[in-house]
Amino acid sequence: MLICLSLSSRFNWSELTPLGLWGRTLGLQTENSQFLLEGMPFRIFGGSMHYFRVPREYWEDRMLKMKACGLNTLTTYVPWNLHEKERGKFDFSQNLDLEAFLSLAAKNGLWVILRPGPYICSEWDLGGLPSWLLQDPEMQLRTTYKGFTEAVDAYFDHLMRVVVPLQASTTLCPPHGWGLTAQYKKGGPIIAVQVENEYGSYAKDPNYMTYVKMALLKRGIVELLMTSDNKNGLSFGLVEGALATVNFQKLEPGLLKYLDTVQRDQPKMVMEYWTGWFDNWGGPHYVFDADEMVTTVASVLKTGASINLYMFHGGTNFGFMNGALEADEYKSDVTSYDYDAVLTEAGDYTSKFFKLRQLFSVIIGHPLPLPPMIESKASYGAILLHQYISLWDVLPSLLQPIKSEFPVNMENLHLNDSTGQSFGYVLYETVIFGGGQLHTRNHVRDRAQVFVNTMYVGELDYNTVELFIPEGQGFRQLKLLVENRGRVNYGLALNEQRKGLIGDVFLNKTPLRNFKIYSLEMKPAFMKSLQQVSGWSSVPDYFVGPAFFRGRLWIEQQPQDTFLKLQASSGWEKGVVFVNGQNLGRYWKIGPQETLYLPGPWLKKGDNEIVIFEERTAGRIIQSVDIPYLGRTQYVD
């Protein structure tokens, strides 16, 4: 620790805050293997938190906990696929109000490293890229392919209008005609901007990183640029004029010195020190030993390097936004992004927090703010789902089918002002005569339930590509309810992430034709209409889905955070939960995750409506509990 202590004695860390240096001109610079902030030696003690994974009402609480841990910098990704859900329609409101988030960081004494992509990885659907890009059959994501760069340019034009005024430096002129505010003239919290993300692990186009860098510079980015890669991708992800940083969990001998082989006389920065790990459906809940984590952080800091904790607070993949892996096989990520991080999914302290706080307090050398009180969690008990309506009864009144001779993948459905469908389910319906062998030729993405009329026949996915259809008299309806379980967010298969039926499906070697296609994206407008539809009835003792179920949660006092538990032993199998119209995310009996996080701000005093879309078999009761259960644990190797 002596290196760290001697460095901290050169200045008072508490003065180097966005508001404390109001009116500054220099921003973050590099000189003689160290960072300078406003001309003073500075080290980045950062933590990652994503505004889009945390309810807006809790942003400040998490930031105050960062400060109490000893951190001085917040890092966040920016998800293109949320800010431009439909091509040409941009959203920076409510939980996507990036300007408010960054301004709040400044108010609470945190600098910001912004990671605007356009690709962000982050265990997020398609690495944050909007799925409508895949409407183009020739699309080459993360390259200088014209169709991609034109879309990035249009997005950056809007995004940078939000970002540029919040940079730290003030001496360079903004782009002509932008009408920037006084806040820009006085300096903002952004001290560095990352160019793309882990491109060295993709590296399909040698000109791409230069394109992204110039796209940032031309729109007024003047702060220090950085890249971020793991060791194997480090040398392939470089771009001239940007500081290379490294990502890892285990500190291999010589790893930080390896940075000197790609750039000399530059400060060393660990952009992602992985404090835990993410989970996949069907696997364990991964945890990373707190003592090992803190020991590694201490070792990094002893070298004089800067560090960013990924994640400080993980949050939640609300809705259908989880990503997926595709190595030996396809594995989708769970709803929780707890990550075994420094704070839990609900923002509570872990042992990692207090061990890190002790470490940073010694290094910084002055008292840290007191940790904020944690929010109480509520156990509201059993919730009865008293009504249901079958999906088959919903279709005629709420959904108009798209008619097509051939199957059409989700992204190319003529919906949402020709932007296609991004998430959820698609129902493909056609007419067959007789039975036989149904074969997908691996064209199901990602999982299909198969019905003849309304009788369940079986499932098709990556591993099961054939299914026997029983014989029957006359013409019958064959229905395939296909779920998009999440697009791959990392690796070389990004261009192949179209969902639904991506090609022909065959019955007895004959391709099926003449489909009615129903989009089940389950957007707020659809869920609101569902409340008014006729046909809801009492839940029977046993029912086989797919169907919607609804119940009420009555709250007498001020609402608090809680966790909803849908137990397989109570009959629940697989589906999605909505509370007051908010999509909490997916549940699945295969685990590991067994509870869904329900933030208190999404509840209200009095009556709260809970709607569950269950794909298969349903129970009648769910539990509201005050302790999460994320599954059987396994330590990260």
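What counts, and where the lines are drawn
- The numbers attached to residues start from 1 for each chain and follow its sequence in the written order.
- Local features in a predicted model are, by the rule used here, given only for residues with pLDDT of at least 70; side-chain atom pairs are given and counted only at 80 or more, and totals for whole chains, interfaces and linings are based on all residues.
- Side-chain calculation: all heavy atoms of the structure are included, whereas hydrogens and water are not.
- UniProt positions are given in the numbering used here, feature names are shortened, and annotations may be inferred rather than shown by experiment.
- In these notes, a set of buried Ala, Val, Leu, Ile, Met, Phe, Trp, Tyr and Cys residues joined through side-chain atoms within 4.5 Å is what counts as a nonpolar core.
- Exposure is judged per residue with a 1.4 Å probe applied to protein chains only, and the accessible area is read against the type maximum: over 50% gives exposed, under 20% gives buried, and values in between give partly exposed.
- Only DSSP runs of H or I covering at least 4 residues are called helices, and only runs of E covering at least 2 are called strands; the numbering of each starts at the N terminus.
- Contacts are assigned to residue pairs that have any heavy atoms within 4.5 Å of one another.
- Each aromatic pair joins two rings of Phe, Tyr and Trp (for Trp, the six-membered one) with centres within 6.5 Å, and gets the label stacked for planes under 30 degrees apart, edge-to-face for over 60, and tilted for any other angle.
- Two conditions define a charge located above a ring, namely a distance within 6 Å from the ring centre to NZ of Lys or CZ of Arg, and an angle within 35 degrees of the ring normal.
- Note: domain ranges come from an automatic or database domain assignment.
- Put simply, buried area is the surface a 1.4 Å probe can reach on two separate parts but cannot reach once they are joined, added for both.
- Pairing between strands is defined by DSSP: at least two bridges between them are needed.
- Each polar contact in these results corresponds to two N or O atoms within 3.5 Å; when the atoms are within protein, one needs to be able to donate a hydrogen and the other to accept it, and residues that are neighboring in sequence are counted only if both atoms are side-chain atoms.
- The angle between two axes is taken between their N-to-C directions and runs from 0 to 180 degrees, where each axis is a line fitted to C-alpha atoms and a helix contributes only its stretch in contact.

Taking an unreviewed UniProt entry as the reference, the chain is identified by name as Beta-galactosidase belonging to Piprites chloris. Under the heading Catalytic activity (unreviewed entry), UniProt records this for the chain: "Hydrolysis of terminal non-reducing beta-D-galactose residues in beta-D-galactosides." Quoted verbatim from the Sequence similarities (unreviewed entry) heading of the UniProt record, the comment on the chain is "Belongs to the glycosyl hydrolase 35 family."

Turning to the nonpolar core, a few remarks are in order. Core analysis: the largest hydrophobic core is formed by 156 residues, its most contacted members being Phe360, Phe548 and Val577. The leading source of residues in this core is helix α5 (residues 146-163), at nine residues. Contact partners of Phe360, with chain neighbours within four places excluded, come to Phe45, Cys69, Gly70, Leu71, Val297, Leu301 and Leu309. Counting residues in each nonpolar core, the second largest holds 24 residues, with Val444, Ile469, Leu501 and Ile517 among its members.

With the rule as written, the count across this model stands at 40 aromatic pairs. Between the aromatic rings of Tyr310 and Tyr339, the centroid separation amounts to 5.6 Å while the plane-to-plane angle is 85 degrees, which identifies the pairing as edge-to-face. With Tyr310 in strand β12 (residues 306-313) and Tyr339 in the loop between β14 (330-332) and α10 (351-364), the pair connects residues that are 29 residues apart, well separated along the chain. Neither residue differs from the other here; Tyr310 and Tyr339 are each classed as buried. Joined through ring pairs, the aromatic side chains of Trp80, Trp132, Phe148, Tyr155, Phe156, Tyr199, Tyr202, Tyr208 and Tyr211 make up one cluster. The ring of Tyr349 carries Lys65 above its face, with NZ or CZ at 5.1 Å from the centroid.

What follows covers the environment of Leu596. Tracing the backbone shows Leu596 in strand β33 (residues 595-598). With relative accessibility at 2%, the residue Leu596 sits in the buried group. Each residue touching Leu596, except ones within four places of it in the same chain, is listed here: Thr335, Thr562, Phe563, Leu564, Val577, Leu584, Gly585, Arg586 and Tyr587.

What follows covers the domain arrangement of the chain. The domain boundaries assigned to the chain delineate domain 1 (28-168 + 175-364), domain 2 (381-389 + 524-635) and domain 3 (406-513). A straight line from the C-alpha centre of domain 2 to that of domain 3 covers 27 Å. On the side of domain 3, 10 residues touch domain 2, which itself brings 10 residues to the contact. Carbon and sulfur atoms make up 47% of the surface buried where domain 2 meets domain 3, a total of about 840 Å² over both sides.

With that settled, consider the sheet that holds strand β18 (residues 436-439). The four strands lie next to each other as β22-β18-β25-β26, forming an open sheet whose pairing is antiparallel. Both outer strands of the open sheet, β22 (466-469) and β26 (510-511), are each paired with one neighbouring strand and no more. Of the strand pairs in this sheet, β18 and β22 are connected by four bridges, and their pairing is antiparallel. The partner of Gly436 across the bridge, within β22, is Ile469.

The next thing to look at is the UniProt feature "active site" (unreviewed entry) in the chain. Within this structure's numbering, the places UniProt gives as "active site" (unreviewed entry) are Glu198 and Glu272. A maximum C-alpha distance of 10.6 Å is found for the annotated residues, which run over 75 residues; spatially they form one tight group. Within the secondary structure layout, Glu198 lies in the loop between β7 (190-194) and α7 (208-218). Residues in contact with Glu198, not counting those within four places in the same chain, are Cys121, Arg142, Ser228, Asp229, Asn247, Glu272 and Tyr490. Mapped onto the fold, Glu272 is located in strand β10 (residues 269-274). Glu272 gets classed as buried once you look at its relative accessible area, which sits at 4%. Those residues in contact with Glu272, other than ones at most four positions away along the chain, are Tyr77, Arg115, Asn197, Glu198, Ser228, Val246, Asn247, Phe248, Asn308 and Tyr310. Of note is the side chain of Glu272, whose polar atom sits 2.9 Å from the side chain of Tyr77.

Right, let's get into the sheet that holds strand β5 (residues 73-77). If you trace the eight strands once around the closed barrel, you get β4-β5-β6-β7-β8-β9-β10-β12, paired in parallel fashion. For this sheet, the mean angle separating the axes of adjacent strands, direction not counted, is 30 degrees. Direction of pairing for strand β8 (residues 224-230) relative to strand β9 (residues 243-248): parallel, over a ladder of five bridges. Residue pairing across strands places Met226 opposite Leu243, the latter belonging to β9.

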